Protein chains: 2
Amino acid sequence: MQGTVGELGEFGLIRELTARLPKTPAVELGPGDDAAVVTAPDGRVVATTDVLIEGRHFRRDWSTAYDVGRKSAAQNLADIAAMGAVPTALLLGLVVPADLPTTWATELMDGLRDECQVAGAGVVGGDVVRGETITLAITALGDLQGRAPVTRSGAQPGDVVAVTGWLGWSAAGLTVLARGFRSPRAFVEAHRRPEPPYHAGPAAAELGATAMIDVSDGLVADLGHVAAASAVDIDLRAADFDVPAQMADIGQAVGVDPLVWVLSGGEDHAIAATFPPGVQLPARWRVVGTVTGASRPGARGRVTVDGAPWERTAGWDHFAE
Amino acid sequence: MQGTVGELGEFGLIRELTARLPKTPAVELGPGDDAAVVTAPDGRVVATTDVLIEGRHFRRDWSTAYDVGRKSAAQNLADIAAMGAVPTALLLGLVVPADLPTTWATELMDGLRDECQVAGAGVVGGDVVRGETITLAITALGDLQGRAPVTRSGAQPGDVVAVTGWLGWSAAGLTVLARGFRSPRAFVEAHRRPEPPYHAGPAAAELGATAMIDVSDGLVADLGHVAAASAVDIDLRAADFDVPAQMADIGQAVGVDPLVWVLSGGEDHAIAATFPPGVQLPARWRVVGTVTGASRPGARGRVTVDGAPWERTAGWDHFAE
């Protein structure tokens, strides 16, 4: 297990990686065959794919391999939860340079495995190939347990908008890292290893959520997708957000309004959902706005903050420089 | 739709790509949400992932974008069929350089879509990100229709070994291309666009196949996986293979024994399976060998040809130079 993945070879690396995987309940047939077999008791399967590239989505000097594994699994498993489903399985397509230390790949797998365990899923298969740039292609699967999927398109005028999970922590941590600091730890950790509220997705579906989305690009940007798909306008109330004192302190230190992190910061993988008015939400949900009405005919549904457009860098486009 | 994917932007490209996708029966919810929802009537889902990188798995000067799409979908859908399952869905993770012509990406998607249609599956979701090297990460899903999966590990001493589909055609075509020729067309086409016998996988499962594998790395190499997983030895009879006259002619022209293409050539995505002796196989299957016995204790199951080791370049290791 010493040395590089090039020295170990394709089959040796696959052996090392799969040896680290425990058997999990939903996995009828794990890695090692043409394909894996995963239970889908609901009779439907929820599926999502994301690609992460070194330098663009993670940096080896900012995150350990283990943290990259945790985070890239989390990002996909959160998409499953945000449909109202329970994650069951994850597949990994991995591109590695031949000179990559084998330990980087095995620690990555440990991170994937551990995050899957948090979410109740198993790593069931994958592929490794050699290439110039470390690239992770992750597919997550999930089970709806008999519920209808909660899409982006069901928000109704009069619904309340609520969020659960962390908001702005990853962006604050990224700002800290980008300025060469390693603390405050809580925020740096939140950037390296988000903690999506997996259980909240299926729970929101049970509570009657009309629309739901994983907050990956920033709350305003992601609610923009809900507004567009549902053809509604959404208004958020800035005062209803929780800006922790420590986040406010960092904001002051670096000259950033922390509300920008909360409303525009990505990668925390919080969950945002709309619910019929009058819904009784568990304590970890926070109502932060309302669906104010149908969007104007021909116009894209819009998201405002205290009635005004929110134009402070929200989300990002992976193709933009 | 003119110009490059960089000019079009991430969301624009996603729009162009998903606009090309028809609704297919197994797709309850297609692209555009956090995740897709695919039917899994069997209560289990079969899943496999492959990564393909430009320069390593395809070349833009040897294959059109459309052909790359057909081939990369075929390679994954064939893995589903080789478990005895019917392909239902495909997800695409796509890495593209900003200067890639948009038409390359849309033609790729057309190829994926059309190959999925041949196999009865739908493209249900994906991700696009920018990177230096065109990379495709494909996940295919399938349904077992109530059958047990046919793994690599069920071959029994006394079983017959049979194949269906094309063998050696892709390798012969690759040899032709590598020498700067574009004909004979049939072989070049077979390299650019393999035709896996999708229906044969589920049919073999119904016929009682004890083990099955997609031939992606070469027949001897892939049967080696079956032999190892089943702890058996396999012997193939060279005379039982069909070497088409035209393939023999190319072999003579380029100084290659065509049996090397048939036994060691990859990427045709034929299906190889073992069956109990006495099985009545449909005409398109060809019996080419037998499971001679259990492998020696402590030894890896081996594959021989006419009783002798087959050491002529079989399969490849993506990490080897």
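Cut-offs applied
- Residues numbered from 1 in each chain as written.
- Chains lettered and ligands numbered in written order.
- Predicted model: local features only at pLDDT ≥ 70, side-chain atom pairs only at ≥ 80, totals over all residues.
- Heavy atoms only, no water.
- UniProt positions renumbered as here; feature names shortened; annotations may be inferred.
- Helix = DSSP H or I, 4+ residues; strand = E, 2+ residues; numbered from the N terminus.
- Rg over C-alpha atoms; globule rule 2.2 N^0.38 Å.
- Buried < 20%, exposed > 50% of the residue type's maximum accessible area, 1.4 Å probe, protein only.
- Contact = heavy atoms within 4.5 Å.
- Areas by Shrake-Rupley, 256 points an atom, 1.4 Å probe, with all protein chains shown as cover.
- Lys, Arg positive; Asp, Glu negative; His and termini not counted.
- Charge placed at Lys NZ, Arg CZ, Asp CG, Glu CD.
- Phe/Tyr/Trp six-rings, centres within 6.5 Å; stacked < 30°, edge-to-face > 60°.

Going by what an unreviewed UniProt entry lists, chain A is known as Thiamine-monophosphate kinase and is assigned to Streptomyces tateyamensis. According to its UniProt record, chain A has this under Pathway (unreviewed entry): "Cofactor biosynthesis; thiamine diphosphate biosynthesis; thiamine diphosphate from thiamine phosphate: step 1/1." According to UniProt, the comment filed for chain A under the heading Function (unreviewed entry) is "Catalyzes the ATP-dependent phosphorylation of thiamine-monophosphate (TMP) to form thiamine-pyrophosphate (TPP), the active form of vitamin B1."

Participant: Run through the overall build of chain A, naming residues and quoting values.
Facilitator: For chain A, the helix and strand inventory stands at 10 helices and 13 strands. Its C-alpha radius of gyration of 20 Å places chain A within 12% of the 20 Å reference for a compact globule of 321 residues. Taking the principal axes of the C-alpha coordinates as reference, chain A spans close to 60 × 50 × 35 Å. Counting all 321 residues of chain A, 62% fall into the buried class. At a minimum sequence separation of 6, the contacts of chain A that also span at least 24 residues come to 85%. Total accessible area computed for chain A in this model is approximately 12,000 Å², and 50% of it derives from carbon and sulfur atoms. In chain A, 25 positive and 39 negative side-chain charges are present, and the distance between their average locations comes to 3 Å.

Participant: Lay out the packing of aromatic side chains with the relevant residues and their values.
Facilitator: Going through the model one piece at a time under the given rule, you end up with 8 aromatic pairs over all chains. Taking 4.4 Å as the distance between ring centres and 20° as the angle between the ring planes, the aromatic pair formed by A:Trp169 and A:Phe187 counts as stacked. Remark: A:Phe187 occurs in helix H6 (residues 185–192) and A:Trp169 occurs in helix H5 (residues 169–178); sequence separation between them is 18 residues. Judged by relative accessible area, which is 16%, A:Trp169 ranks as buried. On the basis of relative accessible area, A:Phe187 is assigned to the buried category, the value being 0%. Measuring from centroid to centroid gives 5.2 Å for B:Phe275 and B:Trp285, while their planes differ by 85°, and the two rings are edge-to-face. Taken together, the positions of B:Phe275 in strand E10 (residues 270–275) and B:Trp285 in the loop between E10 and strand E11 (286–294) put the pair 10 residues apart, joining distant regions of the chain. A relative accessible area of 0% places B:Phe275 in the buried class. Residue classification places B:Trp285 among the buried positions, given a relative accessible area of 8%.

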